[in-house]
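Single-letter residue listing:
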Amino acid sequence: MTITKKTDIRSLTLPQLKEAFVEKGDKAFRGQQVYEWLWKKSALDFDTMTNINFETRNWLKENYVINAIQVVDKQISNDGTIKSSFKLHDGFLVEGVLIPADERMTACVSSQVGCSLTCKFCATGKMDRARNLTPDEIYDQVVIIRNWAMHHYGKPLTNIVFMGMGEPLLNYANVMKGIEKITSPEGLGMSQDRITVSTAGIAKMIMKLADDNVKFNLALSLHAANDLKRNQIMPINESNNLKAVGEALKYFYEITGKRVTFEYIAFKDFNESLQDAKELLTFCKQVPSKVNIIEYNPTGDGEFEKADANKIDQFCAYLERHGIIAKVRRSRGKDIDAACGQLANKRHEEALVIE
Ligand code: SAH
């Protein structure tokens, strides 16, 4: 018996799908109809394609699969944040979050299964990187979370941040393709301006973003503005130190003209002193930027503690006095482990075994 591997139908472009129908002796228009089921109506099963006849649906089933992601566990936090695990076709799990705040509806999406960067304070950093997400898996998360925004809050999705699991710049091509689809008129038609890609700081890839003249926003997870401290908490800093990342950001700004956002988790007795604020100020001044001071969310290892609120306020005030736009971001969705750095699916191991 020969087993032929079925093609993931969603990896085909519209012209390719039309062509497949023509080759089969059918009309190109049929390809268009199926494409709409896949992308406009988010069909997960060929049998739901009611305007496609029985024989054609069987032909589709024999030759293709739909590798869409599926919601397996959806939780709603006291503050309205919604988190879910998404099951991928090969059994892996990633997570995505909807963060509602007044008029803003923000989707936080994953770019990889796990992460290879082992940042000490991050829950995802404790998992291995199993694989990159495909552009479609990235796109699917946005579509699902966008539906939640409408369904639960009656509002359209306004922003997308790549701050879920994984390092987006280490899955560069797929993230770019995913964003292309999210922003294209055939996809969701969202504005690039509403998208933020967050990186732990891969200098070479930040320069590539500039060379590709991207129109979306860039955030750098800084967390320490001196190499000794940053090495301690983010091993990626050993090969991409602050000088290299700073140079890359200057290049990024020169070409794109886009202001960079620095994310800075305030850890108690580690990076919240006046001296730390001064170092941060010097680093930030290299490019037009703004700073988000983030409350640390415990990930269960007891290694770090969050800084005292008054220390955070003083730190922030110092930056503002010196001409930096700085805001303190209080965390959302903590009761369901949906806050920054808490995304590490508790059923990850189980999922690997089952599939
Ligand atoms: N790899 C990318 C995107 C994922 S992390 C990056 O590093 O930017 C998204 C944001 O959550 C980053 O700013 C990250 O530093 C932050 N984060 C990670 N763990 C956290 C924690 N325990 N508490 C608060 N923020 C955390």
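As the structure is a prediction and not an experimental result, all values here were calculated from the model.

1. Concerning a positive patch on the surface
Right, on to step 1. A surface patch of like charges, here positive, comprises R104, R194, R259, K327 and R329.
Right, on to step 2. Within the secondary structure, R194 sits in the loop between α5 (172-183) and β10 (195-199).

2. Overview of the packing of helix α9 (residues 274-284) against helix α10 (residues 309-321)
Right, on to step 1. For the pair α9 and α10, interaxial distance at closest approach is 10 Å and the crossing angle is 35 degrees. For the pair α9 and α10, the sense of crossing is right-handed. Residues L274, D276, A277, K278, L280 and L281 of α9 lie in contact with α10, whose contacting residues are F315, Y318 and L319.
Right, on to step 2. Split into classes, the residues belonging to the contact of α9 with α10 amount to 7 nonpolar, no polar and 2 charged.

3. Considerations on the pattern of salt bridges
Right, on to step 1. Applying the stated criterion across every chain, the model contains 17 salt bridges.
Right, on to step 2. Where D90 meets R131, a salt bridge forms, and the shortest distance between an N and an O atom there is 2.8 Å. Pair noted here: D90 is in the loop between β4 (82-87) and β5 (93-101) and R131 is in strand β8 (residues 131-132), with a separation of 41 residues, a long-range link.
Right, on to step 3. Taking the shortest distance from any N to any O, the salt bridge between K306 and E295 comes out at 3.6 Å.

4. Thoughts on the pairing of strand β11 (residues 217-221)
Where a strand is regular, its side chains alternate between the two sheet faces.
Right, on to step 1. Of all 5 residues making up β11, 5 are buried, and the element is well covered by its neighbours.
Right, on to step 2. Burial of β11 is two-sided: the residues N217, A219 and S221 facing one way and the residues L218 and L220 facing the other way are all buried.
Right, on to step 3. Where β10 meets β11, 4 bridges bridge the pair, whose relative direction is parallel. Within β11, the position partnered with S198 by the bridge is A219.
Right, on to step 4. With 3 bridges connecting them, β11 and strand β12 (residues 260-266) associate as parallel partners. Across the sheet, residue A219 finds its bridge partner in β12, namely T261.

5. What to know about the environment of L281
Right, on to step 1. Locating L281 in the fold gives a position in helix α9.
Right, on to step 2. Remark: the alpha-carbon pair of L281 and K120, spanning 161 residues in sequence, is separated by 24 Å.
Right, on to step 3. In this view, L281 contacts Y318, L319, H322 and I324; residues no more than four positions away in its chain are not counted.

6. Observations regarding the domain arrangement of the protein chain
Right, on to step 1. When its domains are assigned, the protein chain resolves into domain 1 (7-65) and domain 2 (70-354).
Right, on to step 2. If you average the C-alpha positions of domain 1 and of domain 2, the two centres end up 36 Å apart.
Right, on to step 3. Contacts between the two partners involve 7 residues from domain 1, matched on the other side by 7 residues from domain 2.
Right, on to step 4. Summing the contributions of domain 1 and of domain 2, the shared interface buries around 560 Å²; its carbon and sulfur component is 43%.
Right, on to step 5. In this structure, the connection of domain 1 to domain 2 is made through 1 salt bridge.
Right, on to step 6. The residue D140 makes a salt bridge to R10 at a minimum N-O spacing of 2.6 Å.
Right, on to step 7. In this assembly, domain 1 and domain 2 are joined by 1 residue pair in polar contact (both at pLDDT 80 or more).
Right, on to step 8. For the side of domain 1 that touches domain 2, the per-class residue count stands at 3 nonpolar, 2 polar and 2 charged.

7. What to know about helix α1 (residues 14-23)
Right, on to step 1. For α1, the complete set of buried residues consists of L17, A20 and F21. Projected down its long axis, α1 carries its buried residues within an arc of 95 degrees, all on one side. In α1, the exposed positions angled more than 90 degrees off the buried face are occupied by P15 and E23.
Right, on to step 2. Residues of α1 that are buried sit in contact with α2 (28-39), α3 (54-63) and β2 (64-65).

8. Let's talk about the pairing of strand β14 (residues 325-329)
Right, on to step 1. Strand direction decides the pairing type here: strand β13 (residues 289-295) and β14, joined by 5 bridges, are parallel. Paired with V291 across the bridge in β14 is A326.
Right, on to step 2. Regarding topology, α10 serves as the crossover connection from β13 to the parallel β14, and that connection is right-handed.

9. Some thoughts on the site of the ligand
Right, on to step 1. Of all residues adjacent to the ligand, which total 22 residues, the nearest are F121, S198, S221, H223 and N297.
Right, on to step 2. When residues of the shell around the ligand are traced back to their parent elements, those giving at least two are β10, β12 and β13.
Right, on to step 3. In the shell around the ligand, the residues fall into 10 nonpolar, 9 polar and 3 charged.

Calculation notes
Sequence order sets the numbering: in each chain, residues are counted from 1 along the sequence as written. For this predicted model, a pLDDT threshold of at least 70 governs which residues receive local features, and a threshold of 80 or more governs which side-chain atom pairs are given and counted, while totals over whole chains, interfaces and linings are taken from all residues. Neither water nor hydrogens contribute to the side-chain values; these are computed over all heavy atoms in the structure. Residues enter a patch when their relative accessible area is above 30% and they make no salt bridge; the linking distance is 9 Å between like charges and 5 Å between nonpolar side chains (Val, Leu, Ile, Met, Phe, Trp, Tyr). Shrake-Rupley sampling with a 1.4 Å probe provides the accessible areas, and residues are treated as covered by the protein chains on show and by no other component. Any carboxyl oxygen of Asp or Glu that lies within 4 Å of a side-chain nitrogen of Lys or Arg is treated as forming a salt bridge with it. Charged-residue counts in this description rest on Lys and Arg as positive and Asp and Glu as negative, His and the chain ends being excluded. Every charge is mapped onto a representative atom, which is NZ of Lys, CZ of Arg, CG of Asp or CD of Glu. The way it works is that DSSP assigns letters per residue, a run of H or I at least four long becomes a helix, a run of E at least two long becomes a strand, and they are numbered from the N terminus. Helix axes are fitted only over the stretch in contact, all axes being lines through C-alpha atoms; the angle between N-to-C directions runs from 0 to 180 degrees. Rotating anticlockwise by less than a right angle from the far helix to the near helix defines a left-handed crossing, while the corresponding clockwise rotation defines a right-handed one. Contacts are assigned to residue pairs that have any heavy atoms within 4.5 Å of one another. Amino acid classes used here: Ala, Val, Leu, Ile, Met, Phe, Trp, Tyr, Cys and Pro are nonpolar; Asp, Glu, Lys and Arg are charged; the rest, including Gly, are polar. Whether a residue is buried, partly exposed or exposed follows from its accessible area with a 1.4 Å probe, protein chains only, as a fraction of its type maximum: under 20%, in between, or over 50%, in that order. Pairs of strands are assigned from DSSP output, requiring at least two bridges between the strands. As used throughout, domain bounds are those supplied by an automatic or database domain assignment. Two parts placed together each lose some accessible area; with a 1.4 Å probe, that loss summed over both constitutes the buried area. Between N or O atoms, a polar contact is any pair within 3.5 Å; within protein, one atom must be a potential hydrogen donor and the other a potential acceptor, and residues adjacent in sequence are included only when both atoms are from side chains. This arc describes the spread of directions from the helix axis toward the C-beta atoms. Crossover handedness is defined by viewing with both strands directed away from the observer: a clockwise path from the first strand over the helix to the second marks the crossover as right-handed. We define proximity as follows: a residue is near a molecule or strand when any one of its heavy atoms falls within 4 Å of that partner.

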